[in-house]
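# Examining the three-dimensional arrangement
Below, each chain spelled out in residue letters.
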Amino acid sequence: MDKLDELEVFVAVVQQGSLAAAARKLRRSPPAITRALASLESRFAASLIERTTRNMSPTPAGLALYERAKTVLNDYQQAIGYASRSQLNGLLRITAPVQFGRRHLTPLVLEFIERYPGIQVELLLNDSYQDLLEQGLDIAVRIGQLRDSSLVAVEAGTVQRILLASPDYLARAGCPQSPADLAAHRLIAGTSVSSLREWRFGPASSQERVRIQPTFMVNEVETQLIAARAGKGITRLLSYQAYDDLQQGTLCEVLADSRPAALPVQLVTQNLKYMPAKVRVFWDMARKTLSALPCLQTESMTPVKKGSDYQQI
């Protein structure tokens, strides 16, 4: 057992008056407390505690050690606290997808730099994959399965790929009843290779792939939303990106029963033995904040109206 740990046990025994009470305070077993006390007395070659049938009290040598041990333990705690506070400075580099970072990470970062003024934050919003090690990044928000199993990750929630259209569009064009019906609709797509070529539906074990011919293609999510709100067709986005529109009824989900599997939203960092203090404080803050976001909870994704509520006229 560590020598400092033995002192902590000894102080607890003196303060609590019994081995059992000291064990409860330190959340250890009574035998562990007994071994620590015996080791300390062996090191001093003297009895430090007088044991009676009712209580324990320090011997003169034990009382002298007790007073000094309290000072040593207090100095140790102050030193650790000072060292921890001194690490709360420097540059923290964070990356996230553009839309997610803009909506949910930016408010968190602004609160963080107010709380920890000694830390500078660089927030990199990019929808392409960012390698943490190569680019010197501390924390990333990743949507989907991780490519690198050597990273440390914690899940904050999930999102889903969903199809959306405005009530006006669905009232005019009707609501598709199956993925194959999309061939008869105007489609709004992103410009990634997979988005332009096909959309996938259903679970991974039995996915249905539908080749698409979009009438409007754009490389930015907010513009896809603008076009969909304007009734220009059906678009496919991640559920968090359209959360407000779904709740307000400005967009409706179609083919909800054909959603593909949910995607995890994860906080990711490098696999370090000891997480730097500046990383740890943001990690803990982000984990708590993001896991409470309604848009990352599947049960909160119930829209005001579904696309099937609208009939073609």
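Before going into details, it helps to say that this report is about the structure given with it. (Residues numbered from 1 in each chain as written. Predicted model: local features only at pLDDT ≥ 70, side-chain atom pairs only at ≥ 80, totals over all residues. Heavy atoms only, no water.)

Along the chain, the regular secondary structure elements total 11 helices and 14 strands. At 30 Å, the chain has a C-alpha radius of gyration far larger than the 20 Å of a compact globule built from 313 residues. A burial count over the chain gives 44% of its 313 residues as buried. Sequence-distant contacts, at least 24 apart, represent 73% of the contacts inside the chain between residues at least 6 apart. With an accessible surface of roughly 17,000 Å², the chain has 50% of that area assigned to carbon and sulfur atoms. If you average the places of the 36 positive and of the 30 negative side-chain charges in the chain, the two averages end up 2 Å apart. (Helix = DSSP H or I, 4+ residues; strand = E, 2+ residues; numbered from the N terminus. Rg over C-alpha atoms; globule rule 2.2 N^0.38 Å. Buried < 20%, exposed > 50% of the residue type's maximum accessible area, 1.4 Å probe, protein only. Contact = heavy atoms within 4.5 Å. Areas by Shrake-Rupley, 256 points an atom, 1.4 Å probe, with all protein chains shown as cover. Lys, Arg positive; Asp, Glu negative; His and termini not counted. Charge placed at Lys NZ, Arg CZ, Asp CG, Glu CD.)

Attention shifts here to the nonpolar core. By size, the foremost hydrophobic cluster in this structure holds 29 residues, and its most contacted members are Phe100, Leu105, Val141, Leu267, Phe282, Leu290 and Leu296. Listed by contribution, the elements that provide at least two residues to this core are strand E3 (90-96), helix H5 (98-115), strand E5 (139-143), strand E6 (152-159), strand E14 (263-269) and helix H11 (277-291). No other element matches the 7 residues that H11 contributes to this core. Among the nonpolar cores identified, the runner-up in size contains 22 residues, and Ala12, Val14, Leu37 and Tyr66 belong to it. (Core = buried A, V, L, I, M, F, W, Y, C linked by side-chain atoms within 4.5 Å.)

Now for H5. Every α-helix carries 3.6 residues per turn, so stepping three or four residues along brings you back to the same face. Taking 1.5 Å of rise per residue, the 18 residues of H5 would be expected to cover 26 Å, and the 24 Å separating its terminal C-alpha atoms lies within 8% of that figure. For H5, the principal kink sits at leucine 105 and spans about 50°; a proline, proline 107, occurs within the next four residues. Those residues of H5 lying buried are Gln99, Phe100, Gly101, His104, Leu105, Leu108, Val109 and Phe112. Residues of H5 that are buried make contact with E3, strand E4 (119-125), E5, helix H9 (221-229), E14 and H11. (Expected span 1.5 Å × (residues − 1). Bend = angle between axes of the 7 residues up to and from the residue.)

Another point: the sheet that holds strand E7 (residues 161-165). Sheets are built from strands that pair by backbone hydrogen bonding, the pairs being arranged parallel or antiparallel. Taken in spatial order, the 5 strands of this open sheet run E11-E8-E12-E7-E13, and their pairing is mixed. The strands lining the two open edges of the sheet, one partner per strand, are strand E11 (216-217) and strand E13 (252-254). The pairing of strand E8 (residues 187-189) with strand E12 (residues 234-238) spans 2 bridges and is parallel. Bridge pairing links isoleucine 188 to threonine 235 in E12. (Pairing = 2+ DSSP bridges.)

For the structure shown, the criterion picks out 15 salt bridges. Measuring nitrogen to oxygen at the nearest pair gives 3.0 Å for the salt bridge that ties glutamate 6 to arginine 43. Of this pair, glutamate 6 sits in helix H1 (residues 3-16) while arginine 43 is found in helix H3 (residues 30-44), placing the two residues 37 residues apart along the sequence. Of the residues examined, glutamate 6 reaches a relative accessible area of 2% and is grouped as buried. Classification of arginine 43 by relative accessible area gives partly exposed; the value is 44%. (Salt bridge = Lys/Arg side-chain N within 4 Å of Asp/Glu carboxyl O.)

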